[in-house]
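Notes for the structure review
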Amino acid sequence: MLDYEFMRHALLASCIVALVCGPVGSFLVLRRQVFAAHALGHLGFAGAAGALLAGVPPLWGLVAVTVAGGAAMGALGERLGDRDEATGMVLSAALASGVLFLSLLTVGAAPATALLFGNVLGVDTPTLWRMAGLAALSLGLLAALSGPLLFASVGPDQAEVAGVRLRAISAGFLAITGLAVAEAVQVVGVLLVFTLLVGPAAAAQRLTARLWPAVALATALAGGQACLGVALAYLTDWPASFWISALSAACYAAALLR
Amino acid sequence: MSVGEISGALRFSGVSLRLGGRQVLTGLDIAVPEGAFVGVLGPNGAGKTTLMRAALGLIQPSSGRIDRRGTAGYLPQTGGHLEDLRLCGRDFVAAGARRAAWGLPIPDRAARLDVERVLALTDSAGTAHRPMSALSGGERQRLALAQALLGTPRLLVLDEPLAGLDPQHQVATVALVRRLQQTLGLTVLFSAHDLNTLLPVLDQVLYLGGGRAEMGSVAQVVTGPVLSRLYGAPMEVIPAGGRLFVVASERADHAGL
């Protein structure tokens, strides 16, 4: 199956996405902010569809909206988090805008399906390079931020006494999460970002209580699930997103039962 | 937070504190002596947490100034989020070892030694390998206390650490804090709902009520006249069995108040 370029691309894309989703997802789970990833996926749909309409690569529209959305969510803090209705309405409006943009394009349902559920077997070389660049950027930013971010995650009040600026750290981290969401969407689509961003990290933290082993395990699980899912999609002709999500759910269930 | 020419560990000079547009405390003049164990007492909503957060620099006074010597360790009131934390105690404590420094949270050798030191000080070395979510409330609290002791704080601020503990663990917590205060030479601000658990160890009492504060020894502050002033209603202090009971005065009713 490695004779095909699209399979080599799909497996490479899976590994790139896993490298970002493991560490970012570990902090999302630690901070109990997993639904931020879900929300950013919905926002990203509008951005990607808008970019298609404007004739720009959808990845750029996705990145612009998820990063800005993440930074805004972090900066607003609890004022936003406590308002379920407002959050729900913003997400609905974002999805609806995406639907409008796609209908204005009049190119059928294919781009919509690709955005909603991913199209890892269709990743071309330029997209792969863009994904690698974004991965390097998000990992670099996360590495710089991770010290104060970890302290703020486990002891916000104590961190604030030590001089950590909680708002700024939260905004920075959710902007990085926006980058990770944009990456994950390339593989599993906006509706299934949980699968790679949250599933492996949540399973890993049930298997080990040590920080670095949990981050490494989350990354390995995400990579294993994504690559195995792509291979199973090749063998069965079922969607890769289905296999990846099924493997992610199975791993999480196994970790729960352990 | 400026560090002025002060002889004590902490000084409030003409401080007023506002929270969410509401004036919580007015005209505070407090000097906390170095190395004192201070009980912060008062009714619900009197401003105990606000005063402690101001001492830590988390709230800026609307007027007056606060001077503090050295760094402070903080044990906040709500440790609720720790119940769900699937991180082991040692990594939880180590998360604070680099303070606010940028970069990967990998403690250097000195920081690792400091983590082991505070784990030993709080009798937490035996539980530090287990996830926080698998520990008892008292074990989690000792680890949070360990994190607050990282570095060399001069002041330790503990917000209602006895809330939610059974009487036996309350006594153990007070004894542990007393031991830390004496061996490390710390100044301690310890807020509590009930005075009596703290009675054996208190050097000073900081009693809040009616937007004001009184500070002094137990004998000076926990008296009918002082508390009546703070509560804005006649109060009485009844000693019984080595304990003090603060109650609304009934005799005042008969006096026609």
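Below is a short write-up of the structure. (Residues numbered from 1 in each chain as written. Chains lettered and ligands numbered in written order. Predicted model: local features only at pLDDT ≥ 70, side-chain atom pairs only at ≥ 80, totals over all residues.)

A closer look at the overall build of chain A
Each helix and strand counted, chain A has 13 helices and zero strands in total. Listed by position from the N terminus, the elements making up chain A come as α-α-α-α-α-α-α-α-α-α-α-α-α. Computed over its C-alpha atoms, the radius of gyration of chain A comes to 18 Å, within 12% of the 18 Å expected for a compact globule of 258 residues. C-alpha extents for chain A along the principal axes are approximately 55 × 40 × 30 Å. The buried share of chain A, reckoned over its 258 residues, is 56%. For chain A, contacts bridging at least 24 residues in sequence account for 76% of all contacts bridging at least 6. (Helix = DSSP H or I, 4+ residues; strand = E, 2+ residues; numbered from the N terminus. Rg over C-alpha atoms; globule rule 2.2 N^0.38 Å. Buried ≥ 20, exposed ≤ 12 C-beta atoms within 10 Å, placed from the backbone. Contact = placed C-beta atoms within 7 Å.)

A word on the overall build of chain B
For chain B, the count of helices and strands is eight helices and eleven strands. Its C-alpha atoms give chain B a radius of gyration of 19 Å, within 12% of the compact-globule value 18 Å for 257 residues. Dimensions of chain B, computed from C-alpha atoms along their principal axes, come out at roughly 65 × 40 × 35 Å. Across the 257 residues that make up chain B, the buried fraction comes to 40%. Residue pairs at least 24 apart in sequence account for 64% of intrachain contacts in chain B once pairs closer than 6 positions are excluded.

Examining the environment of B:Leu165
Checked against the element boundaries, B:Leu165 lands in the loop between strand E6 (155-158) and helix H5 (167-184). Separated by 27 residues in sequence, B:Leu165 and B:Gly138 have C-alpha atoms that sit 7.3 Å apart.

Structural notes on the sheet that holds strand E3 (residues 37-41) of chain B
All names here are of chain B. Here six strands make up an open sheet; going across it, the order is E5-E6-E7-E3-E8-E9 and the pairing mixed. Edge strands, defined here as strands with exactly one partner in the open sheet, are strand E5 (72-75) and strand E9 (212-216). Each neighbouring strand pair of the sheet contributes to a mean axis angle of 15°, computed without reference to strand direction. Here E3 runs beside strand E7 (residues 187-191); their pairing, made up of four bridges, is parallel. Bridge pairing links valine 38 to leucine 189 in E7. Strands E3, E6, E7 and strand E8 (204-209) of the sheet are contacted by helix H1 (residues 48-55), whose axis makes an angle of about 155° with E7. The sheet contacts of helix H4 (residues 137-148) involve E5 and E6, and relative to E5 the element is tilted by about 160°. (Pairing = 2+ DSSP bridges. Axes fitted to C-alpha atoms, helices over the stretch in contact; angles between N-to-C directions.)

Digging into the nonpolar core
Residues and elements named next belong to chain A. Counting 165 residues, the largest nonpolar core has Ala184, Val193, Leu196 and Leu197 as its most contacted members. Top element by residues in this core is helix H1 (residues 5-30). It accounts for 14 residues. Leave out the neighbours within four places in its chain, and leucine 196 touches Val17, Cys21, Ala184, Val187, Val188, Ala222, Ala226, Ile244 and Ser248. (Core = buried A, V, L, I, M, F, W, Y, C linked by C-beta atoms within 7 Å.)

Quick word on the interface of chain B and chain A
How big an interface is tends to be stated in terms of accessible area lost as the parts join. Contacts between the two partners involve 26 residues from chain B and, on the opposite side, 23 residues from chain A. Mapped by element, the contributors of at least two residues to the side of chain B that touches chain A are E5, helix H2 (89-94) and H4 of chain B. Considered class by class, the residues forming the side of chain B that touches chain A number 17 nonpolar, three polar and six charged. (Nonpolar A, V, L, I, M, F, W, Y, C, P; charged D, E, K, R; others polar.)

Here we look at the sheet that holds strand E2 (residues 22-32) of chain B
Residues and elements named next belong to chain B. Taken in spatial order, the three strands line up as E2-E1-E4 in an open sheet, and their pairing is antiparallel. Edge positions in the open sheet fall to E2 and strand E4 (63-68), since each of these has one partner strand only. Averaged over all neighbouring strand pairs, the angle between strand axes comes to 30°, with direction disregarded. Relative to the sheet, H1 contacts strand E1 (10-19), E2 and E4, its axis offset from that of E1 by approximately 125°.

A closer look at helix H3 (residues 58-76) of chain A
Taking 1.5 Å of rise per residue, the 19 residues of H3(A) would be expected to cover 27 Å, and the 27 Å separating its terminal C-alpha atoms lies within 8% of that figure. Within two residues after H3(A), A:Gly77 carries a phi angle of roughly 60°, on the positive side. (Expected span 1.5 Å × (residues − 1).)

Looking at the pairing of E9(B)
Residues and elements named next belong to chain B. In the sheet, E8 pairs with E9 via five bridges, with the strands oriented antiparallel. Note on E9: the bridge partner recorded for valine 205 is glycine 216. Hairpin connection of E8 to E9: two residues between the antiparallel strands, including glycine 210 at a positive phi of 60°.

Focus: the pairing of E3(B)
The side chains of a regular strand alternate between both faces of the sheet. Residues and elements named next belong to chain B. Of all five residues that make up E3, five are buried, and the element is covered over most of its length. Side chains Phe37, Gly39 and Leu41 project from E3 onto one buried face, and the interleaved Val38 and Val40 project onto a second face that is buried too. As defined by bridge partners, E3 adjoins E8 across four bridges and the pair is classed as parallel. Each residue of the ladder has a partner; that of valine 38, found in E8, is glutamine 204.

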